[in-house]
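# A look at the structure
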Amino acid sequence: MLASTFCSFDAITLAMVKEHNGDYGKQRFFSMFGLSTVSPFVGILADWLGSLKGYRDYSSIFLVGHTFWLVAALLVWKLDVKADKPEGSFLTNLQQLLTIPEIPIFLVFMLFLGTNFGFMDNYLFIFLVDDIKTPNFLLGLSVTVGCIFGLPFLCFSNKIIKEVGIVTIIVVAFWSYAVRYIGFSLMTNPWNTLVLECLKFLSYHMLHSAACKFCSIKAPKGLLATLTAVYCSTHYQLGRSSGAFVGGILISRFGTRETFKILAYAALLFGTCYWLTDVLVLKRIESKRIQRMKETEEESKTPFFSNS
């Protein structure tokens, strides 16, 4: 349910950014700023209440979260949202999207990235608490550190994406997962979490900005919201649930630290595969498309002489 809400918010935000010629990264900046400031606060609050009650109590975190959701709902109640509505059904529009070669390839690798996201999201904190005895305030602080390092990049996300390219950011996201996995597999001091979480912006903030940029570029007219919803569902729902499922099986068989190592090798492999796919397939498709467009323009400029 929560992931569906995120998908809807992203689709609406992209539509408004496109309408007003804005910068999606700067919109995400405020979201991440809120996440970085609230996370340590609720961690400290949970530790304080737990010390009073004599056991871990997370109810205050849920209460704070619901309060912010209510405030956000009241603020956007009268927000004027305009978006191009697709003409056909969802399945028809999805079929149209999948006929563009770059999109299904993009979605497959977003699924793999979502699997990594789901594993980290479901099992990282369990590992930190159970295996390394990390206090709650440090868990919240690790989220803050990951967000703070991503804030400067979100401010200049459009320029960064333009300079290095969407594919490069996706490949680096895979490789950053690999580095974090190896680090956690070897970690014994919980404070080292802050160092590894500095890399999180590569696989979360920058990746999401690049993926949304891809959607805005590749989506046909009227299908931006559809492609954004498909991407978010693939990454944050299907991929995330796959990460939880596969991760649980691997942990039960090999243990958490060995699972980190296995997923590190997988992340390196898939990142390299996407890079090779871009070099060997996607760039050729793009060059052929550009060539066809040039030929079409030349034909349209060629005068037509009829025989008299």
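Located above this text is the structure these notes cover.
Here we summarise the structure given alongside this text. (Residues numbered from 1 in each chain as written. Predicted model: local features only at pLDDT ≥ 70, side-chain atom pairs only at ≥ 80, totals over all residues. Heavy atoms only, no water.)

### Description of the layout of surface pockets
Of the voids in this model, the second largest pocket is the one considered here, and its volume is about 380 Å³. Contributing to the lining of the second largest pocket are 16 residues, with Ile166, Val167, Lys218, Asp278 and Glu286 lying nearest its centre. Within the residue set of the lining of the second largest pocket, elements represented by two or more residues are α7 (157-164), α8 (166-186), α11 (205-218) and α13 (256-301). The greatest single-element share of the lining of the second largest pocket, amounting to 5 residues, is contributed by α13. When grouped by side-chain class, the residues that make up the lining of the second largest pocket number 8 nonpolar, 1 polar and 7 charged. (1 Å grid on protein atoms, 1.4 Å probe; cavity = no way out; pocket = protein on both sides within 12 Å on 5 of 7 lines; lining within 4 Å. Points joined across faces, edges and corners; volume = space filled by probe spheres on them. Helix = DSSP H or I, 4+ residues; strand = E, 2+ residues; numbered from the N terminus. Nonpolar A, V, L, I, M, F, W, Y, C, P; charged D, E, K, R; others polar.)

### Digging into the side chain of serine 176
Relative to the elements of secondary structure, serine 176 occurs in helix α8. You can call serine 176 buried: its relative accessible area is 5%. Serine 176 has contacts with Leu199, Leu202 and Ser203, leaving out every residue within four places of it along the chain. (Buried < 20%, exposed > 50% of the residue type's maximum accessible area, 1.4 Å probe, protein only. Contact = heavy atoms within 4.5 Å.)

### Considerations on the pattern of salt bridges
Summed over all chains, the structure comprises 5 salt bridges. Between glutamate 258 and lysine 261 there is a salt bridge, with its nearest N and O atoms 3.6 Å apart. Of this pair, glutamate 258 and lysine 261 both sit in helix α13, 3 residues apart, which is roughly one turn of the helix. The exposure class assigned to lysine 261 is partly exposed, which follows from its relative accessible area of 28%. (Salt bridge = Lys/Arg side-chain N within 4 Å of Asp/Glu carboxyl O.)

### Side note on the packing of aromatic side chains
A full pass over the atoms with the stated rule returns 19 aromatic pairs. Between phenylalanine 106 and phenylalanine 214, the aromatic rings sit 4.0 Å apart at their centres with planes inclined by 20°, giving stacked as the arrangement. Pair noted here: phenylalanine 106 is in helix α5 (residues 102-130) and phenylalanine 214 is in helix α11, with a separation of 108 residues, a long-range link. Note on phenylalanine 106: relative accessible area 0%, which makes it buried. For the ring pair tyrosine 177 and tyrosine 181, a centre distance of 6.1 Å and an interplane angle of 25° mean the geometry is stacked. Note that tyrosine 177 and tyrosine 181 are positioned in helix α8 at a spacing of 4 residues, about one turn of the helix. Owing to a relative accessible area of 1%, tyrosine 177 belongs among the buried residues under this scheme. (Phe/Tyr/Trp six-rings, centres within 6.5 Å; stacked < 30°, edge-to-face > 60°.)

The analysis is restricted to geometry; functional conclusions fall outside its scope.
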